[in-house]
Amino acid sequence: MSFISRGFRGKRRDATSSSRVPPGQYVVNDFPVLSAGPTPRVAVSEWTFVVEGEIDQPKKWTWDEFRKLPVEEVTKDIHCVTKWTKLDTLWKGVSVDTILDGVETAAEYVMAFSYGGYTTNLPLEDLTGGKAWVAYEFDGQPLHPEHGGPARLLVPHLYFWKSAKWVQGLRLVKEDQPGFWESNGYNMYGDPWREQRYWGD
Amino acid sequence: MTVQQSDLKLDGNAIGGLLREIFTMEMTTAESTCAGCHKVHAIGQVEVYMNAPGAVVRCPACGNVQMRIVKGGGRYWLDLSGIRCLEFST
Amino acid sequence: MARTAVLGRLNWQLGTVAELVQETSRVASLVLDVPEWPGHLAGQHVDVRLTADDGYQAERSYSIASAPEHPRLAITVERLDDGEVSPYLVGEVRKGDKVELRGPIGGYFVWRGDDHRPVLLVAGGSGVVPLMAMIRHRTAIKSTTPTRLLYSSRSEEDIIYKAELDALSAAGDGLTVAHCLTRKQPPGWRGYARRIDRPMLEEVAWPKAQNPIIFVCGPTPLVEGVAGHLVDLGYEAASIKTERFGPTGG
């Protein structure tokens, strides 16, 4: 092991809730902002959300229409591949089950895509059954652009790079194709409990 | 602390050390031709977003991703496909 | 075509803190003895790596403040209240402690002092650090290259290296310093009292005809604003070198 810096602790890391903390993670109290590019500025008047791809009839909502969908409030732990975990985060949004209600598809995979060009891939199964939301409120406030507002995907059981910020839509696809980070070293699936951070994990 | 969007944007100087690990050369003076807009910039001038699962390097003229660098699990993954050509002297 | 040096592997080394210098209430310089230090150019930086006893690591880049001629290596660090690394370096570190670092890094944002173009240095806050290395190098090589520093700080108490800059600019060897104090000015202040803007740059910058070389360093909005104004004023983009500091330098 390398040299130890006398007296260095780093950000406060709480190990007490260890059964909720996946391997290799530490708990933070703030909400780090990570970004691969400039923050997209999307006015809600222009915002739309679509479901397209392997679907007979693509679906599309404007902001007003989206806000009329049944809403859920959920409290979840989130885990970033850069090793921070944040417990008990409070979100409000629309379940992906609601979004996909009535959709018939042969597709087994989804590419989520965002304003600004970000993409991330997931199995359809990981977006359904009460496991995922399109969230527009965090901690009781409208989701701030630096955290993905107007709306982001929320898939807490996978590493948080799968919870695409500034989400614009879901493309239903037959084959799993790697998204932005998955094509450059990050794991196609990303289960924090099996520590699937990189290719081959 | 409210993080301004601009706060997260640095430049190629910030990844000087990381690029030295990979290239064994000082790279901030290397000149990259963007595969998107074909403009040329010194790596010291390109936009770098480091607060991410990896470093993302973007063309200051057109915003296209020029490089992605991920380091982890004992490996590097390097995508240079956004650079048409990288020029540096011997 | 700028030079790219073939340098080989960049190794982590240990520097020992020989001296701590409090520059302002939030800024301190760490003066280090680094036994295998290969030398550096003014404007380069080091990466500093801290390791906790459970193996957790944090890494940050800090510009070298000392001139290449100086026998010890100095870095100047601004303590950010919610930072992770800076409160350790400014606050916890003591004389005799060791700090892991690697460098020198950077070839783009350097001033060697071997060309005679007049120099304009524009600094925002702790962005003055690499520019101070350039000024100290200029003094060490007894250069009389016309050099102007335009340095923006929040208040007089926040000016880093103030006494040294006052002394150097009074030496009459071609260095002048113009300060902007953006938040608070002392009574009788006659320097600039606003953020750097285009008219200010027009007053301070060397005329285009003199083909100055320009270095801008500080927070991203300041750097981009200043570079943009300078381009609008007709300075060639290739003569303007920029280095952005982020708050993640915390």
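Residues numbered from 1 in each chain as written. Chains lettered and ligands numbered in written order. Predicted model: local features only at pLDDT ≥ 70, side-chain atom pairs only at ≥ 80, totals over all residues.

Some remarks on the overall build of chain B
Okay, so step 1: Each helix and strand in chain B was counted, giving one helix and eight strands.
Okay, so step 2: Walking chain B from its N terminus toward its C terminus, one meets helices and strands in the order β-α-β-β-β-β-β-β-β.
Okay, so step 3: In terms of overall size, chain B behaves like a compact globule, its C-alpha atoms giving a radius of gyration of 13 Å where 90 residues would be expected to give roughly 12 Å.
Okay, so step 4: Each principal axis of the C-alpha distribution contributes one length, and for chain B these read about 45 × 35 × 20 Å.
Okay, so step 5: Split into buried and exposed, the 90 residues of chain B put 54% on the buried side.
Okay, so step 6: Put simply, 47% of the contacts in chain B that link residues at least 6 apart link residues at least 24 apart. (Helix = DSSP H or I, 4+ residues; strand = E, 2+ residues; numbered from the N terminus. Rg over C-alpha atoms; globule rule 2.2 N^0.38 Å. Buried ≥ 20, exposed ≤ 12 C-beta atoms within 10 Å, placed from the backbone. Contact = placed C-beta atoms within 7 Å.)

Brief notes about helix α5 (residues 220–232) of chain C
Okay, so step 1: For α5(C), which comprises 13 residues, the first-to-last C-alpha distance of 18 Å matches the rise-based estimate of 18 Å (1.5 Å per residue) to within 8%.
Okay, so step 2: Regarding α5(C), the residues found buried are Thr220(C), Leu222(C), Val223(C), Val226(C), Ala227(C) and Leu230(C). Here the buried residues of α5(C) occupy an arc of 165 degrees about the axis, which is enough to place them on one side. Residues of α5(C) that are exposed and point more than 90 degrees away from the buried face comprise Gly228(C) and Asp232(C).
Okay, so step 3: Looking at the packing, one finds that the buried side of α5(C) touches β1 (9–11) of chain B together with β7 (119–124), β8 (147–153), α4 (198–204), β10 (213–219) and β11 (240–245) of chain C.
Okay, so step 4: Looking at the residues trailing α5(C), positive phi occurs at Gly234(C), about 105 degrees. (Expected span 1.5 Å × (residues − 1). Arc of directions from axis to C-beta.)

Describing the confidence of the model for chain B
Okay, so step 1: On average, residues of chain B carry a pLDDT of 91, and 92% of them reach 70 or more.
Okay, so step 2: Mean pLDDT in chain B bottoms out at helix α1 (residues 16–23) of chain B, which sits at 93, and peaks at strand β2 (residues 31–34) of chain B, which reaches 98. (pLDDT = per-residue confidence, 0-100.)

Regarding the sheet that holds strand β6 (residues 109–114) of chain A
Residue and element names in this part refer to chain A.
Okay, so step 1: Strand order across the open sheet formed by five strands is β3-β2-β11-β6-β7, with mixed pairing between neighbours. Because the sheet does not close on itself, it has two edges, and the strands there are β3 (59–62) and β7 (119–123). Averaged over all pairs of adjacent strands, the angle between their axes in this sheet comes to 15 degrees, without regard to strand direction. (Pairing = 2+ DSSP bridges. Axes fitted to C-alpha atoms, helices over the stretch in contact; angles between N-to-C directions.)

Side note on the interface of chain C and chain A
You'll often see interface size given as the accessible area lost when the parts meet.
Okay, so step 1: In this complex, chain C contributes 14 residues to the contact, which on the side of chain A involves 11 residues.
Okay, so step 2: Elements with a minimum of two residues in the side of chain C that touches chain A: β3 (45–51), α1 (86–92) and β6 (98–105) of chain C.
Okay, so step 3: For the side of chain C that touches chain A, the residue count by class is six nonpolar, two polar and six charged. (Nonpolar A, V, L, I, M, F, W, Y, C, P; charged D, E, K, R; others polar.)

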